[in-house]
Amino acid sequence: MNFGILFEKVEDKDFPPGYFYAHIPSLGLTTHGLGLEGAREAAFDLARGWLLEKKACGELLSSPSEILFSTLDIPDDALQST
């Protein structure tokens, strides 16, 4: 099974520097790890455990879906109250 992963740098001041979120949209899972490789390993562990649990309970495994990525630019003036 091949799932898309979206990485996002953690900008939270309470988080140590160098951490990234790893989102697996097809499974609705998010985790984090140190650096991209740490985040990828955490995502693998989380997805594997989640899929094994579903399989053990006799649930159908989710099929990977097509992942498309874009950005959304919201200008500062759009955030002004009316």
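Conventions and cut-offs
Position numbers for residues count from 1 along each chain, tracking the sequence in the order it is written. Selection of residues for local features in this predicted model requires a pLDDT of at least 70, selection of side-chain atom pairs for listing and counting requires 80 or more, and totals for whole chains, interfaces and linings are taken over all residues. Processing note: side-chain calculations cover all non-hydrogen atoms of the structure and skip hydrogens and water entirely. Two strands qualify as a pair provided DSSP detects at least 2 bridges between them. Note on conventions: DSSP H or I runs of at least 4 residues are helices, E runs of at least 2 residues are strands, and numbering of each starts at the N terminus. Helix axes use the C-alpha atoms of the stretch in contact, all axes being lines fitted to C-alpha atoms, and the angles between their N-to-C directions lie in the range 0 to 180 degrees. By definition, residues are in contact when any of their heavy atoms lie within 4.5 Å. We call a set of buried Ala, Val, Leu, Ile, Met, Phe, Trp, Tyr and Cys residues a nonpolar core when their side-chain atoms join them within 4.5 Å. Relative accessibility decides the category of a residue: with a 1.4 Å probe and only protein chains considered, values under 20% of the type maximum give buried, values over 50% give exposed, and everything between is partly exposed.

Draft legend 1. Expanded view of the sheet that holds strand 3 (residues 29-34). If you walk across this open sheet you meet the 3 strands as 1-2-3, and the pairing is antiparallel. Each of the sheet's edge strands pairs with one partner strand only, and the pair in question is strand 1 (6-9) and strand 3. Recorded for the sheet is a direction-independent mean angle of 25° between the axes of neighbouring strands. Along the sheet, helix 1 (residues 35-56) contacts strand 1, strand 2 (19-24) and strand 3; its crossing angle with strand 3, the most-contacted strand, is approximately 145°.

Draft legend 2. Looking closely at the nonpolar core. Counting 10 residues, the largest nonpolar core is built from Phe 3, Phe 20, Ala 22, Ile 24, Leu 27, Leu 29, Ala 39, Ala 43, Ala 47 and Leu 51. Elements that contribute at least two residues to this core include exactly strand 2 and helix 1. Residues within four places of Ala 47 in sequence aside, it is in contact with Ile 24, Leu 27 and Leu 29.

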